Amino acid sequence: PREPAPPGPNQYTSRAARSTPLMSKRKASAPPANGSSDDLGYTPTIKAYKSERFLNSRDARMIRILCEYQESQARLRDNGIHGTILFFGSARCCTFEDHDKKS
């Protein structure tokens, strides 16, 4: 069986942090069956949602935007608000007479 290609260099880093590699240069393999972590090349991983480095990167921008939307929606739902109305207007309204004079 063919092994999957490793991620590209600095795949999940911001431009400022690209000087430091994300993964160890050692080849990752499965942990030993007995549960010990002797020097067999096992490299522990971190979940993406726990990686502050990834979450603050350019690649995770869409996730941050979605979080802002979801958090606001959850807060409204928790407070019993099921719908909203948005009004657009202007503070520079003029009277009908002033409007008619302009046209």
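Residues numbered from 1 in each chain as written. Predicted model: local features only at pLDDT ≥ 70, side-chain atom pairs only at ≥ 80, totals over all residues. Heavy atoms only, no water.

K.L.:
Before we go on, may I ask you to explain the overall build of the protein chain in this structure?
P.N.:
Scanning the protein chain from terminus to terminus reveals three helices and zero strands. Tracing the protein chain from N to C terminus, the helices and strands come up as α-α-α. Counting across all 103 residues of the protein chain, residues that qualify as buried make up 8%. Looking at the protein chain as shown, the accessible area adds up to about 10000 Å², and 57% of this sits on carbon and sulfur atoms. (Helix = DSSP H or I, 4+ residues; strand = E, 2+ residues; numbered from the N terminus. Buried < 20%, exposed > 50% of the residue type's maximum accessible area, 1.4 Å probe, protein only. Areas by Shrake-Rupley, 256 points an atom, 1.4 Å probe, with all protein chains shown as cover.)

K.L.:
Is there a simple way to think about helix α2 (residues 61-78) in this case?
P.N.:
One turn of the α-helix equals 3.6 residues, which is why residues spaced by three or four share an orientation. Here α2 contains 18 residues, and its C-alpha end-to-end distance of 26 Å stays within 8% of the 26 Å for a straight helix at 1.5 Å per residue. Following α2 by one or two positions, glycine 80 has its phi on the positive side, about 75°. (Expected span 1.5 Å × (residues − 1).)

K.L.:
What's the story with the side chain of serine 57 in this structure? I'm lost.
P.N.:
Examined against the element boundaries, serine 57 turns out to sit in the loop between α1 (52-55) and α2. The class for serine 57 is buried, based on a relative accessible area of 1%. Of the polar contacts made by the side chain of serine 57, one reaches the backbone oxygen of phenylalanine 54; its length is 2.6 Å. (Polar contact = N/O pair within 3.5 Å; in protein donor to acceptor, adjacent residues only side chain to side chain.)

K.L.:
Quick question: what am I supposed to make of the pattern of salt bridges here?
P.N.:
Pairs may arise between side chains of opposite charge once their charged atoms sit close together. Scanning the model with the defined rule gives one salt bridge in all. The partner of glutamate 71 in a salt bridge is arginine 75, with the nearest N and O atoms 2.8 Å apart. Within this pair, glutamate 71 and its partner arginine 75 are both found in helix α2, separated by four residues, close to a single helical turn. (Salt bridge = Lys/Arg side-chain N within 4 Å of Asp/Glu carboxyl O.)

K.L.:
When you look at the side chain of serine 51 in this model, what are you seeing that I'm missing?
P.N.:
Its place among the elements puts serine 51 in the segment before α1. Its relative accessible area of 13% is what places serine 51 among the buried residues. Of note is the side chain of serine 51, whose polar atom sits 3.1 Å from the backbone nitrogen of phenylalanine 54.

K.L.:
Sorry if this is basic, but what is going on with the confidence of the model for the protein chain here?
P.N.:
When pLDDT is low, close inspection of the predicted coordinates is not appropriate. Looking at the protein chain, the pLDDT average stands at 75 and 60% of residues meet or exceed 70. Highest mean pLDDT in the protein chain belongs to α2 (95); lowest belongs to helix α3 (residues 96-102) (85). Note on residues 17-21: pLDDT is under 50 here. Beyond four places in sequence and across chains, it has seven contacts. (pLDDT = per-residue confidence, 0-100. Contact = heavy atoms within 4.5 Å.)

K.L.:
Sorry, what's going on with the environment of glutamate 71 here?
P.N.:
With a relative accessible area of 41%, glutamate 71 lands in the partly exposed category. Within the local environment of glutamate 71, its side chain forms a polar contact with the side chain of arginine 75, the two groups lying 2.8 Å apart.

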